[in-house]
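Below are the chains, spelled out letter by letter.
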Amino acid sequence: MTTLTLKSRAAWSWALYDWANSTFATTVLAGFFPVLFKQYWAGEMAAAQSTFWLGLFSSAASLLVMLMSPWLGTVADRHGAKKRLLLLFTLIGVLPTLGLFWAGQGQWLLAALLFAAASVGFFGGLTFYDALLVDVAAPEESDRVSAWGYALGYLGGGLLFALNVVMATKPEWFGLASATQAVKVSFVMVAAWWTLFALPLFFWVKERPAGAAAGTDSSFAALLALLRQAAGRPAVFTFLIAYWLYIDGVHTVIRMAVDFGMALGFDSNSLVAALLMVQFIAFPAAVAFGYLGERIGTRKAIYLGLLVYVGVTAWGYGLQTEHQFFLMAGAIGLVQGGVQALSRSFYSRLIPADQAGAYFGLFNMVGKFAAVLGPLLVGAVALATGSNRLSLLSLLVLFALGAWLLTRVREPGR
C-alpha cells in the first residue's frame with residue numbers, strides 16, 4: 001500500500017466523514033430529538049411513558065447494530081464492500097433524519113421509528129468507516145489520522161449544533177415561526193450536512209480489494225469463525241476486554257456528570273453550553289493527542305487520558321457548584337476524543353488489514369456494550385453503601401483493570 005499522510009486527499013476525505021456524521025450525534029441524538037419527542041411528538045403522553053418508549057426504540061436500535069456489526073464487517077471484507085455498505089448505512093441514517101421534518105405533532109410512533117432507523121444508520125456505519133482507517137493510513141500514521149477524524153467530528157458537530165441552538169432560541173432571526181419549526185429545520189440541515197461532507201470519502205478513498213479473507217461464505221458460520229480467530233489472537237482478545245472496561249468507565253463518567261448537574265439543579269442552558277464547550281475543547285485536544293501518541297507512544301497517551309478520567313471521577317464525588325461542573329466538563333473535553341481516537345488506531349495495528357471490517361465489527365460491538373457494566377456497578381455500590389457519591393468511586397475499578405490489561409497487550413513490531 002502506498003504510504004499516505006494526512007496531507008493526502010484520501011486521509012482528509014476519510015476524516016471529513018466524521019465532520020459529516022457527527023452533526024447527527026450532537027443536534028439530533030444528544031441535543032434536540034429527546035426534547036422534541038417529549039414536548040411535541042409525545043406531548044399528550046405521560047412523561048414516564050414517553051421516556052419508556054424513547055428508551056425502548058433507542059435500545060432496540062443499539063441492540064440491532066451490536067448484533068449485526070461483526071457479521072456485516074465479515075461480509076464487507078469478503079466482498080471488498082466497506083465503502084458500499086458505508087454508503088448504504090449513510091442513506092439509512094440521512095433519509096429518516098430528513099423524514100423527521102414531516103412527522104407531525106402527536107405522531108410519536110412515526111418519530112420514534114424514524115429516529116431508531118437513523119440511529120441504526122449512524123452507529124451501523126461506524127464499523128465500515130473505522131475499518132477504512134487501514135486503507136488511508138500506514139500503521140505509523142494511524143494515531144494522527146484517527147485523531148484528526150475525531151477532531152473534525154467534534155468541530156463539525158459543534159459548529160452546526162451551535163447554529164441550531166441559536167435557531168431554536170431566536171427563530172425569528174431566521175424567519176421561522178417557532179422554536180419547534182427551527183428544530184425541525186435543524187434536522188433537515190443535519191441530513192444535508194451529512195450527505196454533502198460524506199461525498200469526498202466515496203470519491204477519493206480507495207478501498208483495498210478483498211484479500212485473504214475473501215470468499216463466498218457470508219453466513220453466520222463465518223462470524224463464528226471470526227470469533228474463534230479473535231479469541232486465538234491474544235493481543236486482540238486482551239485489548240478488546242481492556243477497551244470494554246475503560247471505555248465503559250469513560251462513558252459512565254460522562255453520563256454521571258450530566259446527571260449530577262441536573263440533580264444539583266443547574267440551568268438547562270448551562271448544560272447545553274457545557275456540551276458545546278466540550279465539543280470545541282475536544283477539537284484541538286484530539287489533534288494534540290494524535291501527535292502525542294506518535295511522540296510518547298499510543299499506549300502511554302491512552303494512560304494519560306485515563307489518568308485524567310480518574311481525577312474527574314474523584315472530582316465528581318465532591319461536585320457542588322455550576323462553576324465546578326464547567327471545569328469538569330472542560331477536563332473531559334481535553335481527553336475524551338484522544339482516548340477514543342488512540343484506542344481506534346492502536347486496535348487497527350493489532351488486526352489483519354484484510355479483515356478490518358470484521359474486526360472493527362467486533363470493536364464496535366464491544367463499544368455498544370459500553371456504559372452497561374459501569375451503571376450497574378455504580379447502582380450496586382450505591383445500594384450497598386447508601387451513598388451515591390461514594391458509588392462513583394467504584395468506577396476507578398474499571399479504569400484500573402482496563403489500564404492493567406492494556407499493559408498485557410503486545411503490539412506487533414513495537
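Reading guide: rules and limits
Residues numbered from 1 in each chain as written. Predicted model: local features only at pLDDT ≥ 70, side-chain atom pairs only at ≥ 80, totals over all residues. Heavy atoms only, no water. Salt bridge = Lys/Arg side-chain N within 4 Å of Asp/Glu carboxyl O. Helix = DSSP H or I, 4+ residues; strand = E, 2+ residues; numbered from the N terminus. Buried < 20%, exposed > 50% of the residue type's maximum accessible area, 1.4 Å probe, protein only. Phe/Tyr/Trp six-rings, centres within 6.5 Å; stacked < 30°, edge-to-face > 60°. Lys NZ or Arg CZ within 6 Å of the ring centre and 35° of its normal. Axes fitted to C-alpha atoms, helices over the stretch in contact; angles between N-to-C directions. Parallel < 35°, antiparallel > 145°, perpendicular 65-115°, else oblique. Left-handed = near helix turned anticlockwise from the far one by under 90°. Contact = heavy atoms within 4.5 Å. Nonpolar A, V, L, I, M, F, W, Y, C, P; charged D, E, K, R; others polar.

Thoughts on the pattern of salt bridges
- Under the defined criterion, the tally for this structure stands at five salt bridges.
- Linking Asp 135 and Lys 82 is a salt bridge whose minimum nitrogen-to-oxygen distance equals 3.5 Å. Taken together, the residues span a long stretch of sequence, with Asp 135 in helix α5 (residues 133-136) and Lys 82 in helix α3 (residues 82-99) at a distance of 53 residues. Here Asp 135 and Lys 82 have matching classes, each one buried.
- Two residues, Glu 207 and Lys 82, come together in a salt bridge whose shortest N-O distance is 3.7 Å. Taken as a pair, Glu 207 in the loop between α7 (179-204) and α8 (220-231) and Lys 82 in helix α3 lie far apart in primary sequence, 125 residues in all.
- The exposure class assigned to Lys 82 is buried, which follows from its relative accessible area of 3%.

Brief notes about the packing of aromatic side chains
- This structure, assessed with the given rule, holds 33 aromatic pairs.
- Centre to centre, the rings of Trp 193 and Phe 197 are 5.0 Å apart; their planes meet at 55°, and the pair counts as tilted. A residue pair is termed a helical-turn pair when its members lie 3 or 4 positions apart in one helix, as Trp 193 and Phe 197 do in helix α7 at four residues.
- Looking at Phe 197, the relative accessible area reads 23%, which means it is partly exposed.
- Among the aromatic residues, ring-to-ring pairing joins Phe 239, Tyr 243, Tyr 246, Phe 346, Tyr 347, Phe 360 and Phe 363 into one connected group.
- When the ring centre of Phe 101 is taken as origin, the NZ or CZ atom of Lys 184, which lies over that ring, is 6.0 Å away.

Examining the packing of helix α1 (residues 9-41) against helix α2 (residues 47-79)
- Two numbers describe how α1 lies on α2: the axes approach to 10 Å, and their chain directions differ by 135°. One way to sum up the angle between α1 and α2 is to call them oblique. Taken as a pair, α1 and α2 cross one another with a handedness that is right-handed. Taken together, the residues of α2 that come into contact with α1 (itself represented by Phe 33, Pro 34, Phe 37 and Lys 38) are Ala 47, Ser 50, Thr 51 and Leu 54.
- Of the residues that constitute the contact of α1 with α2, the class distribution is five nonpolar, two polar and one charged.

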